[in-house]
Structures are given as structure tokens and as C-alpha cells.
Amino acid sequence: MKIEMKDLQKFRKDFESSEKNIVAMNAVSHGSLNVVAMNRLHAQGLSRTFSNEIKTRGITNQKKSGRCWMFAGLNLLRESIANKLNLDNFELSQSYQMFYDKIEKANYFLESIIETAKEDLNGRLVMWILSKPVEDGGQWGMFTDLVGKYGVLPKELMDESFQTSESATMNRLLDTKLREDAMVLREMVKKGKTTKEIQSKKAELLEEIHRILSINIGLPPEKFDYEYKDKDGNFHRIEGITPVEFYKEFVEMPIDGMVSVINCPTPDKNFMKTYTVQYLGNVIGGNGIKYLNLKLDEFKALAKKMILDGNLVWFTADVGKMMEREKGILDTEIYDFESLYGTKFLFDKATRLDYGDSLMTHAMVFTGVDIDDDGNPTKWKVENSWGDQLGDKGYFLMSDSWFDQYVYEVAVDEKYLSAAMKKVLKEKPVELPPWDPMGSVAFAR
């Protein structure tokens with residue numbers, strides 16, 4: 001049925017009959033919605049003191065790029081390196097990781113194009129692959145594959161370029177070139193060219209991508225010398241080391257034994273089951289993406305245990321929901337939109353995912369948790385990568401209710417899993433389609 005004028009007249013009359021509606025309209029139409037809806041009494045009562053927290057070496061800044069997953073991962077590793085080298089301040093090169101992530105994603109994309117070359121160009125699968133050839137975002141499994149292959153590098157040996165800090169134009173040009181490459185490779189398959197001919201052409205196309213990346217980001221060092229003074233003022237020199245050797249020698253965190261655990265309560269996914277996602281990854285030949293889906297209480301207990309034992313926790317969440325950015329607050333009660341609009345928002349975590357209202361958008365690091373007298377978490381301390389001007393010098397406060405609703409994945413040491421969980425982890429994962437919400441990547445900036 002179409003909307004009749006009498007319907008609109010009724011709606012207007014009902015709206016105008018409420019003084020509250022008029023006040024809300026006047027306020028919201030002339031100012032920030034978040035400012036108007038701010039639950040000030042609630043916000044004023046939030047404490048940034050935590051019963052358990054881990055000191056870290058400060059806040060990093062991904063600037064205008066979607067590399068949060070990479071920043072969060074490197075921030076975990078730098079603590080291990082800095083502790084071993086006795087450093088006060090230390091940061092790893094994100095541009096080094098970005099260079100190799102882009103070239104690996106380009107290769108992953110072109111291999112996916114070759115694999116699906118006989119699929120309908122206008123079909124959902126090929127259109128999905130073409131939609132995001134080399135986006136900035138990523139996942140924990142992509143991070144570990146990248147570090148395992150290329151190692152890590154101190155930031156001063158490959159600092160940020162303009163394009164790594166403001167990546168939109170570079171990404172747009174790379175995406176266009178790779179879509180053109182996809183057209184070339186699909187045509188070769190259509191014409192019956194041999195695998196050898198196709199792979200030879202792909203190598204030519206990848207060399208072009210390498211050239212574009214090198215111009216935008218710079219060439220990463222293959223070997224380096226690293227000179228530094230420790231926090232006691234003692235001078236040290238490490239000579240002729242590769243990034244992989246540096247990673248293996250100075251990172252003591254058991255990254256190879258880390259597991260991606262998710263809480264996805266949708267009806268199509270069973271708990272105590274492993275999942276992977278088609279066409280999600282970066283390094284061909286790496287371990288790829290594998291999730292263990294757990295109930296919320298088990299999921300949260302693992303994150304809590306990691307922190308209580310002094311371990312930082314990499315995680316992903318839907319950061320755009322119920323976030324006060326300037327104050328650095330993630331809280332389900334920070335805004336009272338229901339009172340403002342006179343309505344109810346009905347989604348729970350599962351239906352929010354099922355109906356496309358939420359997914360993993362941002363990776364950060366848990367550095368603390370506040371525990372009440374009964375041993376239950378009340379709030380979480382979060383190290384973000386948006387610079388030190390937001391929140392408490394860059395650190396965010398997350399309420400436990402926000403954790404329940406919007407945290408989807410944590411990376412935990414396998415030793416914290418129960419025997420039953422470890423057994424399930426060995427099972428072949430169920431494959432999810434690329435457009436499943438668990439196939440999203442962390443990219444928020």
C-alpha cells in the first residue's frame with residue numbers, strides 16, 4: 001500500500017501534540033545527536049581506575065588508514081621486544097607490515113580471480129571478490145601469517161610515508177589496477193590459456209603492484225643494523241640482522257600458539273565448533289583464518305584470565321556502536337536514544353549480526369579489567385591506536401555490558417583452552433561464505 005496524505009497528516013498531528021517531540025527536534029536539528037543524547041549522569045559516574053591493569057609503552061596512531069588490526073598486533077609484540085631489550089619507549093614499523101600485506105593481498109586477490117574465472121562476472125561471489133582487492137583491514141590470522149613470513153622491524157628504520165598514514169588514494173588506484181588485472185586474467189582463462197601462461201602473466205602484474213607500492217611506501221630493508229640505548233643509558237648495537245631473525249630472537253610472546261576465539265551466537269553457528277571464511281586472507285600458503293566459537297561466559301573468561309596473568313589481549317569489536325569518541329567511552333548506556341526518540345531498539349547480539357546491523361570493524365588491545373568482589377568483570381581498559389588526544393591519553397574505557405554486545409573476537413594463548421576446546425580446535429573448520437559477518441575485517445580509523 002502507498003502512503004496516503006491522510007497518513008502523513010496524522011503522523012504530523014501526533015508529533016506536534018507532544019511538547020517533548022518539539023524540544024527534541026529543536027535540540028537535535030541544531031546540534032550533535034550524540035551530544036543531545038548523552039547520558040550525562042551515567043557518564044559522570046564512570047571510573048577509570050582498574051583493579052587489574054598492564055602498563056604499556058604508550059599510544060600509537062594509525063591516522064587516516066584502516067590498519068588497526070596491524071597496529072594492535074604490533075603493539076602486543078613490541079612489549080615483548082621492549083622488555084627483552086630493556087627499553088622505555090619502542091614502536092614497530094607499521095609501514096613495513098603494510099608493504100608486505102598489500103603485495104600479499106594483491107597475490108591473494110589475483111589467485112582468487114583465477115580460481116573463480118569461470119564463475120559469472122555478475123554473480124555474488126565474483127562481485128564480492130572485486131569489491132575490495134587490497135583494503136587496509138585485516139584479521140588476527142592474517143597478522144600472524146604476515147609476521148611469520150616477514151618478521152618485524154623497528155619503526156625508526158622504516159617510518160610512515162604520507163600514503164601509509166593517509167591510504168585512501170593509494171588504495172583506490174591499487175584497486176583499479178587490480179580490477180583491470182582481474183579482467184586480463186579472466187580473459188586468459190576464457191581463451192583457454194595454460195596455467196603456466198596465466199601464472200607468468202600474474203607475475204608481471206604483481207611486479208607492477210610492487211612498483212606502485214615501492215613508490216608509495218618505500219622499499220623495506222632486507223637486513224638492518226639497530227643501535228639503541230636501554231633505559232639505564234647503556235648503548236647496544238645489533239648488526240646485520242633480518243626482520244625475521246629479529247622477530248625470532250626478540251619476540252618471546254608465543255604468537256604461533258595463539259588462537260582466534262569468537263562469540264557469535266547466531267543460529268547458523270554452533271558453539272564449540274571451528275569456522276573459517278572463504279576468500280578471506282592475505283598470505284597464500286599461510287595458516288589462514290580459523291575461529292573457535294564459544295559461549296559468552298567462556299569467551300569472556302579467557303580474556304579475563306589472560307589479563308590477570310599479565311598478558312595483553314588483541315580483540316575485535318564493532319567500535320562504531322555506543323561510542324563516545326572524544327571521551328574514549330564504549331558503553332551501552334552512554335547515549336539514551338530510546339528516550340530521545342520515544343522508541344525501543346530491539347536487537348540482541350545475534351539478531352544484530354543476522355540483520356546486517358553489526359560486524360567486526362576495529363581491533364584494539366585489552367590492557368586491564370576491573371573485577372568486583374564476586375570475581376566478575378565490571379569494565380575493561382582498552383589501548384586504542386587513534387592517537388593520545390582521545391579518551392584518557394588514548395586509552396578507552398569499555399563497560400562489561402558493551403563487551404557482551406559488541407566484542408566478537410579475542411586472540412588467546414592456546415594453553416588457556418580447556419581439553420575439550422583443544423580437541424575441537426583440531427577439527428576441520430566449517431567454511432562460511434565471504435559475506436558472513438565473521439568474514440569482516442578490522443578497518444576502522
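Here the structure is shown first, and the text comes after it.
This report concerns the structure included in the present document. (Residues numbered from 1 in each chain as written. Predicted model: local features only at pLDDT ≥ 70, side-chain atom pairs only at ≥ 80, totals over all residues. Heavy atoms only, no water.)

1. Overview of the pairing of strand β4 (residues 258-262)
Part 1 of the argument: Burial runs high along β4: five of the five residues are buried.
Part 2 of the argument: Burial along β4 is two-sided: Met-258, Ser-260 and Ile-262 facing one way and Val-259 and Val-261 facing the other are all buried.
Part 3 of the argument: One ladder, built from five bridges, connects β4 with strand β13 (residues 407-413); its direction is antiparallel. If you follow Ser-260 over to β13, its bridge partner there is Ala-411.
Part 4 of the argument: Across three bridges, β4 lies against strand β6 (residues 291-293) in parallel orientation. Each bridged residue has a counterpart across the sheet, and for Ser-260 the counterpart in β6 is Tyr-291. (Buried < 20%, exposed > 50% of the residue type's maximum accessible area, 1.4 Å probe, protein only. Helix = DSSP H or I, 4+ residues; strand = E, 2+ residues; numbered from the N terminus. Pairing = 2+ DSSP bridges.)

2. Things to note about the nonpolar core
Part 1 of the argument: Counting 131 residues, the largest nonpolar core has Leu-77, Phe-246, Phe-366, Met-398, Val-407 and Val-410 as its most contacted members.
Part 2 of the argument: Setting aside chain neighbours within four positions, we find Val-410 in contact with Val-259, Ser-260, Val-261, Phe-299, Ala-303, Val-313, Trp-314, Phe-315 and Phe-366. (Core = buried A, V, L, I, M, F, W, Y, C linked by side-chain atoms within 4.5 Å. Contact = heavy atoms within 4.5 Å.)

3. Topic: the packing of aromatic side chains
Any two aromatic rings considered together are summarised by their centre-to-centre distance and by the angle between their planes.
Part 1 of the argument: Taken as a whole and assessed by the stated rule, the structure comprises 20 aromatic pairs.
Part 2 of the argument: Note on Tyr-335 and Phe-337: the rings are 5.3 Å apart at their centroids and 35 degrees apart in plane angle, and the pair reads as tilted.
Part 3 of the argument: Phe-337 gets classed as buried once you look at its relative accessible area, which sits at 17%.
Part 4 of the argument: Feature note: the residues Phe-90, Phe-224, Tyr-226, Tyr-228, Phe-246 and Phe-250 constitute an aromatic cluster, connected by ring pairs.
Part 5 of the argument: Sitting over the face of the ring of Trp-435, Arg-124 holds its NZ or CZ atom 4.0 Å from the ring centroid.
Part 6 of the argument: The residue whose ring lies beneath Arg-325 is Trp-386, and the NZ or CZ to ring-centre distance is 4.0 Å. (Phe/Tyr/Trp six-rings, centres within 6.5 Å; stacked < 30°, edge-to-face > 60°. Lys NZ or Arg CZ within 6 Å of the ring centre and 35° of its normal.)

4. Thoughts on the environment of Ile-241
Part 1 of the argument: By the secondary structure assignment, Ile-241 is in strand β3 (residues 235-241).
Part 2 of the argument: As a C-alpha pair, Ile-241 and Asp-225 span 16 residues in sequence and 6.6 Å in three-dimensional space.

5. Considerations on the pattern of salt bridges
Part 1 of the argument: Following the criterion strictly, the structure yields 24 salt bridges and no others.
Part 2 of the argument: In this structure, the salt-bridge partner of Glu-111 is Lys-202, at a minimum N-O distance of 2.6 Å. You can see Glu-111 sitting in helix α6 (residues 94-115) and its partner Lys-202 sitting in helix α11 (residues 195-217), a full 91 residues away along the chain.
Part 3 of the argument: In this structure, the salt-bridge partner of Lys-305 is Asp-309, at a minimum N-O distance of 3.6 Å.
Part 4 of the argument: With a relative accessible area of 40%, Lys-305 lands in the partly exposed category.
Part 5 of the argument: Overlapping salt bridges, with partners in common, bring together Arg-57, Arg-78, Glu-79 and Glu-383 in one network. (Salt bridge = Lys/Arg side-chain N within 4 Å of Asp/Glu carboxyl O.)

6. What to know about the pairing of strand β11 (residues 377-383)
Part 1 of the argument: Within β11, six of the seven residues are buried, which leaves it mostly tucked inside the rest of the structure.
Part 2 of the argument: Of the strand pairs in this sheet, strand β10 (residues 362-371) and β11 are connected by six bridges, and their pairing is antiparallel. For Phe-366, the partnering residue across the bridge sits in β11 and is Val-382.
Part 3 of the argument: The hairpin formed by β10 and β11 contains five residues between the paired strands, and Gly-375 there has a positive phi angle of roughly 85 degrees.
Part 4 of the argument: Strand direction decides the pairing type here: β11 and strand β12 (residues 395-399), joined by five bridges, are antiparallel. Residue pairing in the sheet places Lys-381 in a bridge with Leu-397 of β12.

7. Let's talk about the packing of helix α10 (residues 168-190) against α11
Part 1 of the argument: Orientation of α10 relative to α11, taken along the N-to-C sense of each, is 170 degrees, at an axis distance of 10 Å. The orientation of α10 with respect to α11, classified from their angle, is roughly antiparallel. Here α10 contributes Met-170, Leu-174, Lys-177, Leu-178, Asp-181, Val-184, Leu-185, Met-188 and Val-189 to the contact with α11, which in turn contributes Glu-197, Ile-198, Lys-201, Lys-202, Leu-205, Glu-208, Ile-209, Ile-212, Leu-213, Asn-216 and Ile-217.
Part 2 of the argument: In terms of residue class, the contact of α10 with α11 is made up of 13 nonpolar, one polar and six charged. (Axes fitted to C-alpha atoms, helices over the stretch in contact; angles between N-to-C directions. Parallel < 35°, antiparallel > 145°, perpendicular 65-115°, else oblique. Nonpolar A, V, L, I, M, F, W, Y, C, P; charged D, E, K, R; others polar.)

Remember, this is a structural readout, not a statement about activity or role.
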